[in-house]
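The residues making up each chain are set out below.
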Amino acid sequence: MGEEGTKGTVHLLCLAASSGVPLFCRSSRGGAPARQQLPFSVIGSLNGVHMFGQNLEVQLSSARTEDTTVVWKSFHDSITLIVLSSEEGTSELRLERLLQMVFGAMVLLVGLEELTNIRNVERLKKELRASYRLIDSFLGDSELIGDLTQCVDCVVPPEGSLLQCDSGMVPACEGEGPGRVRHVSMPTRQTWNWTPVSSHSSPTWEVTANPCSCLLTQEALSGFAEAAGTAFGSLVVSGRVVAATESWWRLGTPEAVLLPWLVGSLPPQAARDYPVYLPHGSPTVPHRLLTLTLLPGLELCLLCGPRPPLSQLDPQLLDRWWQPVLDPLRACVPLGPRALPAGFPLHMDILGLLLLHLELKRCLFTVEPSADQEPSPEHRRRLLRAFYTLVTASHFPPEPGSPEEKVEDAAQRSQVPRACYLVSGPEGPGTGWRLVALQSGPRRLLLLSAQSPTHALRGLATHTLHALTPLL
């Protein structure tokens, strides 16, 4: 398995499909934005071979050379996106999803009408400049993974869970074996006791009745959104959703992923009034994305129509709803890269994890455990991203609703593997990296480990999934 994103260059081209006129070209080298541009002759050749195939009713989707992967994709017979990557281990799945996210970003900030009915190419070029910062963040080495998984990057608030914030109920797993689940009425506070993976017993949790700050934060968010005249509100830290209203969680793909990503990519500001389109829900009618910085690194986001004006969200209204939960908000700020509450009992062998809930379209992604050990966080992210593309493309069924899903795939799901592992590098004791993936119901867990022997990987993944299930 090659590691995605190691060295190499990525070029992204956007052209008007009918005329072949380039609208923009964005590049990155080694995960950082680059000014390098492709010669016009190369751009013309790449677009020409794609158009030649279309004239013969042949769909050219991808090609590989000795050191470069190229993927083409047309949208609404109006926009053609082409991506070239010379990064080691780059997969076609990753590049295809990159193009989907890029087009979603273009619709988000420009609107579908401008992209499908191009009247003035030069004006469209200027309007598309507003999307450059967001698009460049997809090409770089991001700490997020929603661009690849097409799930919302989330963090678990302190003393709470993303499931609690949705339903007011928390599933608590007993230590008598997997699959034993009961519901405990909220509010509660959770404490965790970790059982070593080498034993054959399951993790145990002690659940005691204490007020849960997660529910207080959720109540403040819902109340503030209602006072502002909208049902769509969320709290975002470093591009990850900490809490959201029920209506916000029901946003479709890709806007559910793009909106917090957009907020995380913008420079810090006390308040914003940002016009956005919803690629799935409202691609031609703009909405307003209002953001308010509650604390440095923590932003309140509201999605609304013509009202309320930003000036209506005055300090008195903010203090009324957010001053009582200031301490829980402060506790959320450092959670960005960690994703999990401080003190959550992960096994010491775990160096990184990715947990996806495929039905809710949410994910937890962190490479913070054992941060003082090798490899570096950037290396860990590359390993997990590459492993995700491998298992998604080769072993596990496509996520529900994804373009890769086919009818015959859905019919054969009972025959696909539920777990797999991979050893990267030497397999001797204390050398190389172990990656394991486990699918159980709607959840898929990927782990990165350095020390665990291969025969213990599935047990490690099973115990960890049981521990994480109450959170997502």
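Preceding this paragraph is the structure being described.
Only a predicted model underlies this, so the values are computations on that prediction, with no experimental measurement involved.

Outline the environment of Gly-352, listing residues and values.
By secondary structure assignment, the location of Gly-352 is in strand 17 (residues 350–357). Spatially, the C-alpha atom of Gly-352 lies 9.9 Å from that of Arg-338, the residues being 14 residues apart in sequence. Among all residues touching Gly-352, those that are not within four sequence positions of it are Thr-366, Val-367, Leu-384, Leu-446, Leu-447 and Leu-448.

Explain the packing of aromatic side chains to me, using residue names and the numbers behind them.
One pass over the full model with this rule turns up 4 aromatic pairs. Where Phe-24 meets Tyr-132, the ring centres are 5.6 Å apart and the plane angle is 65 degrees; that geometry is what we call edge-to-face. Here Tyr-132 lies in helix 5 (residues 132–139) and Phe-24 lies in strand 2 (residues 22–29), a separation of 108 residues in the sequence. A relative accessible area of 5% places Phe-24 in the buried class. With a relative accessible area of 18%, Tyr-132 lands in the buried category. Summarising the aromatic geometry, the rings of Phe-75 and Phe-103 are spaced 4.2 Å apart at their centres and angled 5 degrees between planes, so their arrangement reads as stacked. Of this pair, Phe-75 sits in strand 5 (residues 69–75) while Phe-103 sits in helix 2 (residues 92–110), and the two are 28 residues apart along the sequence. Comparing Phe-75 with Phe-103, the two get one shared label, buried. Over the ring of Tyr-132 we find Arg-26; its NZ or CZ atom is 4.2 Å from the centre of that ring. Positioned over the ring face of Trp-249 is Arg-362, at 3.7 Å from the centre of the ring.

Which residues make up the packing of helix 2 against helix 5, and what values do they have?
Orientation of helix 2 relative to helix 5, taken along the N-to-C sense of each, is 165 degrees, at an axis distance of 10 Å. Relative to helix 5, the element helix 2 is oriented roughly antiparallel. When the axes of helix 2 and helix 5 are compared, the crossing they make is right-handed. Contacts from Arg-94, Leu-98, Met-101, Val-102, Ala-105, Met-106, Leu-108 and Leu-109 in helix 2 reach Leu-134, Ile-135, Phe-138 and Leu-139 in helix 5. Across the contact of helix 2 with helix 5, the residue classes break down as 11 nonpolar, no polar and 1 charged.

How would you explain the nonpolar core if you had to name every residue and give the values?
Where a protein is soluble and globular, its nonpolar side chains tend to be buried together. In this structure, Phe-24, Leu-81, Phe-103, Met-106, Leu-134, Phe-138 and Leu-259 are the most contacted members of the largest nonpolar core, which totals 72 residues. With 12 residues, helix 2 is the single largest residue contributor to this core. Counting 28 residues, the second-largest nonpolar core is a separate cluster that includes Ala-220, Phe-224, Val-237 and Leu-335.

Outline the sheet that holds strand 2, supporting the account with residue identities and numerical values.
Taken in spatial order, the 6 strands make up an open sheet running 3-2-1-6-5-4, and their pairing is antiparallel. Only two strands of the sheet have a single neighbouring strand rather than two, namely strand 3 (32–34) and strand 4 (62–64). Each strand of the sheet is rotated relative to its neighbour by a mean of 20 degrees, with strand direction disregarded. One ladder, built from 7 bridges, connects strand 1 (residues 9–16) with strand 2; its direction is antiparallel. If you follow His-11 over to strand 2, its bridge partner there is Ser-27. Docked against the sheet, helix 1 (residues 40–55) engages strand 1, strand 2, strand 5 and strand 6 (79–85), running at close to 60 degrees with respect to strand 5.

So, the pattern of salt bridges: which residues are in play, and what are the values?
All told, the structure shown has 14 salt bridges when counted by the stated rule. Note that Arg-288 and Asp-273 form a salt bridge whose closest N and O atoms lie 2.7 Å from each other. Taken together, the positions of Arg-288 in strand 15 (residues 282–295) and Asp-273 in strand 14 (residues 271–278) put the pair 15 residues apart, joining distant regions of the chain. The class for Asp-273 is partly exposed, based on a relative accessible area of 37%. By sharing partners, the salt bridges in this structure join Glu-114, Arg-123 and Glu-127 into a single network.

Give me the lowdown on the packing of helix 2 against helix 10 (residues 255–265), citing residues and values where you can.
Between helix 2 and helix 10, the least distance of the axes is 10 Å, while the angle of their chain directions is 75 degrees. On the basis of their axis angle, the class for helix 2 and helix 10 is roughly perpendicular. Counted together, Met-101, Gly-104, Ala-105, Leu-108 and Leu-109 of helix 2 and Val-257, Leu-258, Leu-259 and Leu-262 of helix 10 form the full contact between these two elements. When grouped by side-chain class, the residues that make up the contact of helix 2 with helix 10 number 8 nonpolar, 1 polar and no charged.

Criteria and cut-off values
- Residues numbered from 1 in each chain as written.
- Predicted model: local features only at pLDDT ≥ 70, side-chain atom pairs only at ≥ 80, totals over all residues.
- Heavy atoms only, no water.
- Helix = DSSP H or I, 4+ residues; strand = E, 2+ residues; numbered from the N terminus.
- Contact = heavy atoms within 4.5 Å.
- Phe/Tyr/Trp six-rings, centres within 6.5 Å; stacked < 30°, edge-to-face > 60°.
- Buried < 20%, exposed > 50% of the residue type's maximum accessible area, 1.4 Å probe, protein only.
- Lys NZ or Arg CZ within 6 Å of the ring centre and 35° of its normal.
- Axes fitted to C-alpha atoms, helices over the stretch in contact; angles between N-to-C directions.
- Parallel < 35°, antiparallel > 145°, perpendicular 65-115°, else oblique.
- Left-handed = near helix turned anticlockwise from the far one by under 90°.
- Nonpolar A, V, L, I, M, F, W, Y, C, P; charged D, E, K, R; others polar.
- Core = buried A, V, L, I, M, F, W, Y, C linked by side-chain atoms within 4.5 Å.
- Pairing = 2+ DSSP bridges.
- Salt bridge = Lys/Arg side-chain N within 4 Å of Asp/Glu carboxyl O.

Shape is all these values report; function is a separate question.
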